[in-house]
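Residues per chain, in single letters:
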Amino acid sequence: MPLEQQVARLQALLEATRQIHSTILPDEVMDRTAKILVRELEMEGALFLSPSQKLMSKIWGQMPAEPFEGCRRFPLLSKENQVLAELVLATPSHGSFSLYEQDFVEGLVLQAAVALENATLHERDLHWARVQQDLDAARRIQRSLLPRSMPEIESYSIAGQSSTCYEVGGDYMDTLTLPDGSELMLVADVAGKGLASAIVATSFRAAFRSLASQPMPLKELVSRIGQQHWDEGTEAQRRYVTAIFVRLDAKSGVVEVVNAGHNPGALVLPDGTLRTLDASGTPLGMLPGMVYAAETFPFPPGARILLYTDGLTEVFQGDDEFGTDRLMEAFRDHSSPQASDILDTLWETLAVFSDGAPQTDDMTALAIYRLDSSSQEHAAL
């Protein structure tokens, strides 16, 4: 072959390579490659198949019906030798395929594979960036739905803390001042993790706040929330909600508790006696028509309550789980009268236990401390 002709064909391949590398869209890479092959080499037709043999790109020219008998096939391989796509090329009707055409196709296929892999990675990066932006927005929205501050009640210290293991999670915590002046607080946990559970938690918040504004006994409120969650359908039922509700009458020093399938709350009395606040029914939305029982008991000065999700107990050191007993003991043994200090210490204890390993579940807790005379003096210092 004359040198001039070789140079001209090399230039044609370089120009074809430039064209397919000038786009960052996978479809355009394949479309341009097929177009070049049909126009430059006067092939009958060209198309691309995915590894699953489904059509990926617009057909250029005329192709025989599947299974494309008589066509030449060229795999486009990634750097790891994974098949990105397969070029199916219908040769001219006379059936000849010159050495130059073979070299041109093979060279173009190598460049198309590089361009296709780069375009695919770029598209994946763009998709991930959009997903990350959505998750960041969802995290900000979810954080904004948590209480901006805890109730400030004379002779009481109340604090809450929450951290998710993903961008968003299914834990929920809230406080409301009821018309009679009492405070209604709860900690809840939607089954599962991630965005779907976060959406359900947001829906649960709306239902809770709507129903809690209506005057009714606490146990009836919990039953109605559970029934409403059940009525939302199969997907809501799959993502049932465990929750523990506490209504605090600060003036009389009395608390009322309803536990709907949640982890047992902890009540520590002034003498150090530990009492668990156990469930009186299934999680909300798991079964229709559930009726719950309420417990009412004195909450004297020096007493404290801890509500939490299972992320605080399901922390591991190897195969050893922190567990409910350790959490109860850590809460009982903490002497600070400030609820926020208690929660900070619990988080530090869990971090030490897990040796700083990333958390594997959402962690949320709410602490209520009724100050006695000595703790009030300590808090004032």
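Refer to the preceding data block for the structure.
Quick caveat: nothing in here was measured; it's all calculated off a predicted structure.

Draft legend 1. Local environment of the overall build of the chain. Counting its secondary structure elements, the chain contains nine helices and 16 strands. A buried classification covers 46% of the 381 residues belonging to the chain. In the chain, 66% of the contacts between residues at least 6 apart in sequence involve partners at least 24 apart.

Draft legend 2. Main features of the packing of helix α4 (residues 194–212) against helix α5 (residues 218–231). Where α4 contacts α5, the two axes come as close as 10 Å, and the packing angle between them is 140 degrees. Considering their axes alone, α4 and α5 lie oblique with respect to each other. Between α4 and α5 the crossing geometry is right-handed. Touching Val-200, Phe-204, Ala-207, Phe-208, Leu-211 and Ala-212 of α4 are Leu-221, Arg-224, Ile-225, Gln-228 and His-229, all from α5.

Draft legend 3. Quick peek at helix α2 (residues 26–40). End to end, α2 covers 21 Å across 15 residues, agreeing with the expected 21 Å (1.5 Å per residue, within 8%). Within α2, burial applies to Pro-26, Val-29, Met-30, Thr-33, Ala-34, Ile-36, Leu-37 and Val-38.

Draft legend 4. Summary view of the nonpolar core. Judged by nonpolar contacts, the single largest core of 29 residues is most densely connected at Leu-37, Leu-76, Leu-87, Leu-89, Phe-104, Val-105 and Leu-108. Broken down by secondary-structure element, the contributors of at least two residues to this core are α1 (3–21), α2, β1 (45–49), β3 (72–77), β4 (83–90) and α3 (99–145). Tallying contributions element by element places α3 first for this core, with nine residues. When near neighbours in sequence (up to four residues on either side) are disregarded, Leu-37 contacts Glu-42, Met-43, Leu-87, Leu-89, Phe-104, Val-105 and Leu-108. Within the second largest apolar cluster, 24 residues are counted, among which are Leu-184, Val-200, Leu-218 and Phe-245.

Draft legend 5. View of α4. The terminal C-alpha atoms of α4 lie 26 Å apart, and with 19 residues this matches the ideal 27 Å at 1.5 Å per residue to within 8%. For α4, the full list of buried residues reads Gly-194, Ser-197, Ala-198, Val-200, Ala-201, Phe-204, Arg-205, Ala-207, Phe-208, Leu-211 and Ala-212.

Draft legend 6. Representation of the sheet that holds strand β7 (residues 183–190) within the structure. Within the open sheet, the five strands sit side by side as β6-β7-β8-β9-β12. Their pairing is antiparallel. Edge positions in the sheet fall to β6 (171–177) and β12 (295–298), since each of these pairs with one other strand and no more. Averaged over all neighbouring strand pairs, the angle between strand axes comes to 15 degrees, with direction disregarded. Two elements, β7 and strand β8 (residues 241–249), share eight bridges in a ladder whose sense is antiparallel. Residue pairing for β8: Leu-184 is matched across the bridge by Arg-247.

Draft legend 7. Representation of the packing of aromatic side chains. All chains considered together, the criterion is met by four aromatic pairs. The positively charged end of Arg-275 is found above the aromatic ring belonging to Phe-297, 4.6 Å away from the centroid. In this structure, Arg-304 packs its charged tip against the face of Phe-331, placed 5.5 Å from the ring centre.

Each value, and the rule that gives it
Counting starts from 1 at the beginning of each chain's written sequence and moves along it residue by residue. Since the coordinates come from a predicted model, pLDDT governs what is reported: local features require at least 70, and pairs of side-chain atoms require 80 or more to be given and counted, while whole-chain, interface and lining totals use all residues. To get the side-chain values, all heavy atoms of the structure are used, and hydrogens and water are removed first. Numbering of helices and strands runs from the N terminus, with a helix taken as a DSSP run of H or I at least four residues long and a strand as a DSSP run of E at least two residues long. Partly exposed describes any residue whose relative accessible area lies between the buried limit of under 20% and the exposed limit of over 50%, with all areas from a 1.4 Å probe on protein chains only and scaled to the type maximum. Contacts are residue-level and defined by heavy atoms, with any inter-residue pair within 4.5 Å sufficient. In this analysis an axis means a line fitted to C-alpha atoms, helices contributing only their contacting stretch, and an angle means the value between N-to-C directions, from 0 to 180 degrees. An angle below 35 degrees is read as roughly parallel, one above 145 as roughly antiparallel, one from 65 to 115 as roughly perpendicular, and any other as oblique. Definitions for this section: a left-handed crossing has its near helix turned counterclockwise from the far helix by less than a right angle. A right-handed crossing has that turn clockwise. Expected span of a helix: the number of residues minus one, times 1.5 Å. Buried Ala, Val, Leu, Ile, Met, Phe, Trp, Tyr and Cys residues form a nonpolar core when they are joined through side-chain atoms within 4.5 Å. The pairing criterion is simple: DSSP has to find at least two bridges between the two strands. Here a Phe, Tyr or Trp ring, Trp counted by its six-membered ring, pairs with any other such ring whose centre lies within 6.5 Å, and the pair is stacked when the planes are under 30 degrees apart, edge-to-face when over 60, and tilted otherwise. In our convention, an over-ring charge means Lys NZ or Arg CZ found within 6 Å of a ring centre and within 35 degrees of that ring's normal.

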